[in-house]
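# Summary of the model geometry
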Amino acid sequence: MLRLAKIFWIALRFGLDEFALAPDGAAARTLRALLFFRTLSEPRAVRLRRALEALGPIFVKFGQVLSTRRDLLPADLADELAKLQDQVPPFDGGLAVREVERAFGKPIAQVYESFELAPVASASVAQVHLATLPGGKEVAVKVLRPGMLPVIGEDLALLDTAAGLVERFSADGRRLKPREVVAEFARHLFEELDLMREAAHASQLRRNFQDSPLLVVPEVYWDWCATNVMTMQRMRGTPVSQVEELRRQGVDIPKLARTGVEIFFTQVFRHGFFHADMHPGNILVTPEGRYVALDFGIMGTLTEVDKQYLAQNFLGFFQRDYARVARAHLEAGWVPAGTRADEFEGAIRAVCEPFFDRPLGEISFGRALVRLFQTSRRFNVEIQPQLVMLQKTLLAIEGLGRQLDPGLDLWATAKPFLEKWMREQVGFKGLLRTLRKEAPYWATMLPQLPRLLHRALAGDRVEQVEKLVGQLLVLQRRRNRMIGAAVALLALALAWAVFLTAY
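Described below are features of the structure shown in this document. (Residues numbered from 1 in each chain as written. Predicted model: local features only at pLDDT ≥ 70, side-chain atom pairs only at ≥ 80, totals over all residues. Heavy atoms only, no water.)

All right, on to the overall build of the chain then. In terms of helices and strands, the chain carries 20 helices and 11 strands. Across the chain, every contact between residues at least 6 apart in sequence was considered, and the portion connecting residues at least 24 apart equals 68%. Accessible surface for the chain amounts to roughly 27,300 Å². Of this, 60% is attributable to carbon and sulfur atoms. (Helix = DSSP H or I, 4+ residues; strand = E, 2+ residues; numbered from the N terminus. Contact = heavy atoms within 4.5 Å. Areas by Shrake-Rupley, 256 points an atom, 1.4 Å probe, with all protein chains shown as cover.)

Below, the structure written as structure tokens:
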């Protein structure tokens, strides 16, 4: 309750009520009279950013996501919220030094050859300091903010309570699975608070793109990593949001936009392991036009079933094969079994058809998602929590693509990639890859197969024989009882006949 009261107080203190109340309404006038002492001289965008910073990391992350949706926000709000991506107020450098010394159990001078007290970037849960390792190698050191867990725990408890109320009292509560969505978000957030896990994420992503000309991932130096400290290769580049500077460097901006789409689909469909926090503050660009990924705290994973389902839906959309999309939903069990496929197909067509043959600048995925949400509610489609991070990342890709090249045709860029991926999955190459993957398992199982088969057959036969013998015994007992009863009746009948003959 104290945390809830604090949220309301900060919202009122920074004048966020003006986003919800009509300025000349009775409620707004009453609040202005009651809170006459507050000063609202700063622009509304600055006050919103400062309120989110005061509320803590979860709200900062919310602002980061909003900052990428320039089609949904006024320009002043989008510009100011973009500062949350890497301009969150830093904590004192001395605290960072103490965190490093606590992690490694020795003075910082014995850990790094040099360590800059002033951070070069500050985000919602950590900040980054430049340093050099013994021997002179330049590195970036990420240090977790002290005292994060209590605040995050309180905010997540509030979110879970709110989700529980929605689930209980809203007609759409069970279908939307809000508590599962909150649990998924909490899982990713707590993973972000373990920098050893983030280092493992970075290492995996670097391995996935080891020889790729599209994406560069920094190397992790494991001997200088702990749960609250992560040391990685120092990367240089221009923030992807500085489009004019990239043009000045000679970077092909339309190609850069297409490359971003290709990187996204490569991570999702080839690797099933994707960067789920792709706001512009986490991406640099080299003068050669290669992306540089930073901040690996939130990564998403997809199963083979998820990837197949998504690929079927994307290809259905790209090819305007709405019957295929409807079948994919029905076969996945996300739509009630009694749903008429033709009605669901028609509803999807009505949502998607207006968005084709337009450049990205004329398409709002936000509006498309709202309409799809309305359609899904009508057909009782179940929301899948495991895909929430993917949906968030797709919206971030849209915002990034819009900033780079408003003329980008997302459909034309992604369709050939998906079609090639599907051919590799279901064609001869897919069969060979599956055989190679399963070969070690079969190499282990094949020598044991005769013994396991004999045991299975022997077990089955004994079980079947025992079952049949049991059934025969039951039938025999039943038959014996029937014969005994018949003999008794026959004996009584004969005795009765003898009695009548005698008398």
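Moving on, we get to the nonpolar core. Generally speaking, nonpolar side chains in soluble globular proteins are found buried as a group. With 64 residues, the main nonpolar core has M230, F265, F269, F296 and L404 as its most contacted residues. Once residues within four sequence positions are removed from consideration, F265 is found in contact with R270, F314, A414, F417 and L418. Ranked by size, the runner-up nonpolar core spans 15 residues in total, among them F91, A96, F115 and L133. (Core = buried A, V, L, I, M, F, W, Y, C linked by side-chain atoms within 4.5 Å. Buried < 20%, exposed > 50% of the residue type's maximum accessible area, 1.4 Å probe, protein only.)

Here we take up the sheet that holds strand β5 (residues 215-216). The strands that make up a sheet are held in pairs by hydrogen bonds between backbone atoms, and each pair lies either parallel or antiparallel. On the basis of which strands lie adjacent, the open sheet formed by 4 strands has the order β5-β10-β9-β7 and mixed pairing. With partners counted over all chains shown, the strands left at the sheet margins are β5 and β7 (238-239), one partner each. By the bridge criterion, 3 bridges tie strand β9 (residues 283-285) to strand β10 (residues 291-293) in an arrangement that is antiparallel. Looking across to β10, one finds that L284 is bridged to V292. Strands in contact with helix α12 (residues 253-271) are β5, β9 and β10; relative to β10, the strand with the most contacts, it is inclined by about 45°. (Pairing = 2+ DSSP bridges. Axes fitted to C-alpha atoms, helices over the stretch in contact; angles between N-to-C directions.)

In this model, helix α3 (residues 44-55) (12 residues) spans 16 Å end to end at C-alpha, consistent with the 16 Å of a helix rising 1.5 Å per residue. Listing the buried residues of α3 in full gives A45, V46, R47, L48, R49, A51, L52, E53 and L55. (Expected span 1.5 Å × (residues − 1).)

A word on helix α15 (residues 341-352). With 12 residues, α15 should reach 16 Å at 1.5 Å per residue; the first-to-last C-alpha distance of 16 Å fits that figure. Burial in α15 covers these residues: F344, A347, I348, V351 and C352. The arc that holds the buried residues of α15, viewed along the axis, is 125°, so those residues lie on one side. (Arc of directions from axis to C-beta.)

It is worth spelling out the environment of A341 at this point. With respect to the helices, strands and loops of the structure, A341 is situated in helix α15. Spatially, the C-alpha atoms of A341 and Y322 are 10.0 Å apart, while their sequence positions differ by 19 residues. Those residues within four positions of A341 in sequence are excluded, and the remaining contacts are A326 and L330.

One pass over the structure, following the stated rule, counts 3 aromatic pairs. With a centroid separation of 5.9 Å and 5° between ring planes, the pair formed by F265 and F269 is classed as stacked. On the criterion of helical spacing, the pair formed by F265 and F269 is a turn pair, its members being 4 residues apart in helix α12. In this structure F265 comes out as buried when scored by relative accessible area, which is 2%. F269 sits in the buried class, given a relative accessible area of 1%. Taken together, the ring pairs connect F264, F265 and F269 into an aromatic cluster. (Phe/Tyr/Trp six-rings, centres within 6.5 Å; stacked < 30°, edge-to-face > 60°.)

The next thing to look at is the pattern of salt bridges. Per the counting criterion, the structure on display carries 14 salt bridges. Notably, a salt bridge pairs R44 with D76, separated by 3.1 Å at the nearest N-O pair. Here D76 lies in helix α5 (residues 75-81) and R44 lies in helix α3, a separation of 32 residues in the sequence. The salt bridge involving E345 is made with R349; its shortest N-O contact spans 2.8 Å. (Salt bridge = Lys/Arg side-chain N within 4 Å of Asp/Glu carboxyl O.)

The backbone phi angle of D295 is positive, close to 60°, even though this residue is not glycine. The residue D295 is located in the loop between β10 and β11 (299-301) in this model.

Moving on, we get to the packing of α12 against helix α13 (residues 304-318). Following both chains from N to C, one finds α12 and α13 inclined at 130°, their axes separated by 9 Å at the closest point. Here α13 runs oblique to α12, going by the angle between their axes. Contact residues: F265, V268, F269, R270 and H271 in α12; K307, L310, A311 and F314 in α13. Looking at the contact of α12 with α13 residue by residue, the class counts come to 6 nonpolar, 1 polar and 2 charged. (Parallel < 35°, antiparallel > 145°, perpendicular 65-115°, else oblique. Nonpolar A, V, L, I, M, F, W, Y, C, P; charged D, E, K, R; others polar.)

Note that T286 resides in the loop between β9 and β10. Distance from T286 to P239, taken between C-alpha atoms, is 9.2 Å for residues 47 residues apart in sequence. Residues contacting T286, with those up to four places away along its chain left out, are R236, V251 and V292. Within the structure, the side chain of T286 is placed 3.0 Å from the side chain of E288, a separation counted as a polar contact. (Polar contact = N/O pair within 3.5 Å; in protein donor to acceptor, adjacent residues only side chain to side chain.)

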